Amino acid sequence: MVKRWHKGTRPIRPMPKDRTKILAWGSFYEKGKTSLFCFVQIMNAQFYIEILCNHLPEIRAMLGDNWRFQQDNDDTSKLAKEFIAENTTELLG
């Protein structure tokens with residue numbers, strides 16, 4: 001148990017040391033968004049590809065071939081980079 005303290009008269013509250021993290025993946029564009037996918041496990045290359053496989057049909061249904069794929073600066077594996085290059089129209093940054 002980790003205890004957090006505050007200045008002033010706030011009481012010390014026990015906080016669990018190992019809280020569960022909930023992660024999310026989704027995409028959006030100026031006129032809408034895809035479904036949001038929430039998960040708790042660590043994302044490895046194979047899991048990331050699985051998420052993309054499940055969401056790319058939804059993206060294509062909304063936008064056809066007129067879209068660009070952009071992701072954050074997370075270090076993407078070679079396997080995921082190859083999948084993205086083969087299955088998206090254009091990759092930004």
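Reference entry: report on the structure contained in this document. Remember, it's a predicted structure, so these values are computed and weren't measured experimentally.

A word on the overall build of the protein. Helix and strand content of the protein: two helices and eight strands. Going from the N terminus to the C terminus, the protein shows its helices and strands as β-β-β-β-β-β-α-β-α-β. Looking at the 93 residues of the protein, the share that counts as buried comes to 23%. Contacts spanning at least 24 positions in sequence make up 30% of the contacts within the protein whose residues lie at least 6 apart. When the accessible surface of the protein is totalled, it reaches about 7,800 Å², and 52% of it is carbon and sulfur.

The next thing to look at is the nonpolar core. Among the nonpolar cores identified, the biggest contains 14 residues, and Trp25, Tyr48, Leu52, Leu56 and Phe69 are the most heavily contacted of them. Counting only elements with at least two residues in this core, the list comes to α1 (45-63) and α2 (78-87). At seven residues, the largest contribution of residues to this core is made by α1. Apart from the residues lying within four places of it in its own chain, the contact partners of Trp25 are Ser35, Leu36, Phe37, Phe39, Tyr48, Ile51, Leu52, His55 and Ile59.

When you line up the elements, Thr88 lands in the loop between α2 and β8 (91-92). Every residue in contact with Thr88, bar those within four places of it in the chain, is listed here: Leu56, Trp67 and Phe69.

What characterises a pair of aromatic rings is the spacing of the ring centres plus the angle enclosed by the ring planes. Tallied over the entire structure, the rule returns three aromatic pairs. With a centroid separation of 5.6 Å and an interplanar angle of 25°, the aromatic rings of Phe37 and Phe39 are classed as stacked. Residue Phe37 is classed as partly exposed on the basis of its relative accessible area of 27%. Taken together, Phe37, Phe39 and Phe47 form an aromatic cluster joined through their ring pairs.

So, on to the environment of Thr89. Within the fold, Thr89 resides in the loop between α2 and β8. Sequence-wise, Thr89 and Gly64 are 25 residues apart; in three dimensions their C-alpha atoms are separated by 9.9 Å. Those residues within four positions of Thr89 in sequence are excluded, and the remaining contacts are Asp65, Trp67 and Arg68.

When you line up the elements, Gln71 lands in the loop between β7 (69-70) and α2. One polar contact links Gln71 to Tyr48, side chain to side chain, over a distance of 2.6 Å. Apart from residues lying up to four places away in sequence, Gln71 is in contact with Tyr48, Thr76, Ile84 and Leu92.

This part is about the packing of α1 against α2. To describe two helices that pack against each other, one gives the angle between their axes and the distance between the axes. Their axes nearest at 9 Å, the elements α1 and α2 cross at an angle of 15°. The pairing of α1 with α2 is recorded here as roughly parallel in orientation. Seen along the crossing, α1 lies across α2 with a hand that is right-handed. The residues of α2 that touch α1, namely those facing Ala45, Gln46, Tyr48, Ile49, Leu52, Cys53, Leu56 and Arg60, are Leu79, Ala80, Phe83, Ile84 and Asn87.

The rules behind these values
Residues numbered from 1 in each chain as written. Predicted model: local features only at pLDDT ≥ 70, side-chain atom pairs only at ≥ 80, totals over all residues. Heavy atoms only, no water. Helix = DSSP H or I, 4+ residues; strand = E, 2+ residues; numbered from the N terminus. Buried < 20%, exposed > 50% of the residue type's maximum accessible area, 1.4 Å probe, protein only. Contact = heavy atoms within 4.5 Å. Areas by Shrake-Rupley, 256 points an atom, 1.4 Å probe, with all protein chains shown as cover. Core = buried A, V, L, I, M, F, W, Y, C linked by side-chain atoms within 4.5 Å. Phe/Tyr/Trp six-rings, centres within 6.5 Å; stacked < 30°, edge-to-face > 60°. Polar contact = N/O pair within 3.5 Å; in protein donor to acceptor, adjacent residues only side chain to side chain. Axes fitted to C-alpha atoms, helices over the stretch in contact; angles between N-to-C directions. Parallel < 35°, antiparallel > 145°, perpendicular 65-115°, else oblique. Left-handed = near helix turned anticlockwise from the far one by under 90°.

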